[in-house]
Amino acid sequence: MVSRREVGAAALMAASLLPRRAQARDAPPPLAAGRPMRIAMLLYPGMTALDVVGPHDLLAGLAPGSLHLVARTPGPVPSDTGIGLLATTSFAACPADLDVLFVPGGDGTPAQMRDAATLAFLRDRAGRARWVTSVCTGSLILGAAGLLDGYRATSHWCVRDTVLPLLGAVPVDERVVSDRNRITAAGISAGLDFALALAARLRGDDYARTAQLVAEYAPQPPFAAGSPATAGPAITRGALAILGDLVAEARAAATASRPR
């Protein structure tokens, strides 16, 4: 069986043989080939496991031995569906200087928007991180930490246009949004798109293409119902009934986090 480390090495070799694209202005340049990334992925009770696992799967080859799953304390952390992920590093032990700081979303988002220790950790590491990133409602946690003020950003559609502006962000209806050194992605499944976009920024387009092919990421969803526009009013109402508590709690947390 091929390991993620071997996949990463193969992708780096392939990418080194092909020209890199120019980076967007004001975004950090790619790191030198061969240097492992320092990546920290936040875990918290009630996160959505796929928000973490999808990007982790595609980014692990970039950070052999230096991808940290971070929580207040090491150990199992339950997701919002009961699947546990294992935090390997505490807030205190997480490296101070990171290439990527990543925040997932999930039902536990509003609690983290109010959690002083989490917000302090994010503010501290974001001040030195090359990239500050999120998937789904993770952008609300970044926003509650004051890290998206004046930045274009996205989030899950249920909170993108209503809650992000309360946190100083400029909402954008796109799958993945980059603004300077911030990269945010839309809901859950957008984590795979995010990871490929980030991998391209870190190591070049052809590294990302190789990782995509290894993962056989060629989505063909059976239904065109991935956004309110394509799902239609009835399906959207049903989804909002499921998401209503998250939306209300996130709005309340965002309102409480605004300076008075």
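First things first, this report covers the structure right here in the doc. Since we're looking at a predicted model, the values are computed, not measured.

Here the structure, examined in full by the defined rule, presents two aromatic pairs. Across from the ring centre of Tyr151, 4.5 Å away, lies the NZ or CZ of Arg182, which sits over that ring.

Residues Thr118, Leu119, Phe121, Leu122, Arg125 and Ala126 constitute the buried set of helix H4 (residues 116-126). Projected onto a plane normal to the axis of H4, the buried residues spread over an arc of 160° and lie on a single side. Buried residues in H4 make contact with strand E1 (39-42), strand E2 (67-71), strand E6 (100-103), helix H3 (109-113), strand E7 (131-135) and helix H5 (138-144).

Core analysis: the largest hydrophobic core is formed by 75 residues, its most contacted members being Leu43, Met113 and Leu122. In terms of residue count, the dominant contributor to this core is helix H7 (residues 190-203) (eight residues). The residues touching Leu122, leaving out its near neighbours within four places in the chain, are Leu42, Leu101, Val103, Ile141, Ala145 and Leu147.

With four bridges connecting them, strand E3 (residues 75-78) and strand E4 (residues 84-87) associate as antiparallel partners. Paired with Pro78 across the two strands is Gly84, which belongs to E4. Counted between consecutive antiparallel strands, the loop separating E3 from E4 contains five residues, among which Gly82 sits at a positive phi close to 100°.

Thresholds applied
- Residues numbered from 1 in each chain as written.
- Predicted model: local features only at pLDDT ≥ 70, side-chain atom pairs only at ≥ 80, totals over all residues.
- Heavy atoms only, no water.
- Phe/Tyr/Trp six-rings, centres within 6.5 Å; stacked < 30°, edge-to-face > 60°.
- Lys NZ or Arg CZ within 6 Å of the ring centre and 35° of its normal.
- Buried < 20%, exposed > 50% of the residue type's maximum accessible area, 1.4 Å probe, protein only.
- Helix = DSSP H or I, 4+ residues; strand = E, 2+ residues; numbered from the N terminus.
- Arc of directions from axis to C-beta.
- Contact = heavy atoms within 4.5 Å.
- Core = buried A, V, L, I, M, F, W, Y, C linked by side-chain atoms within 4.5 Å.
- Pairing = 2+ DSSP bridges.

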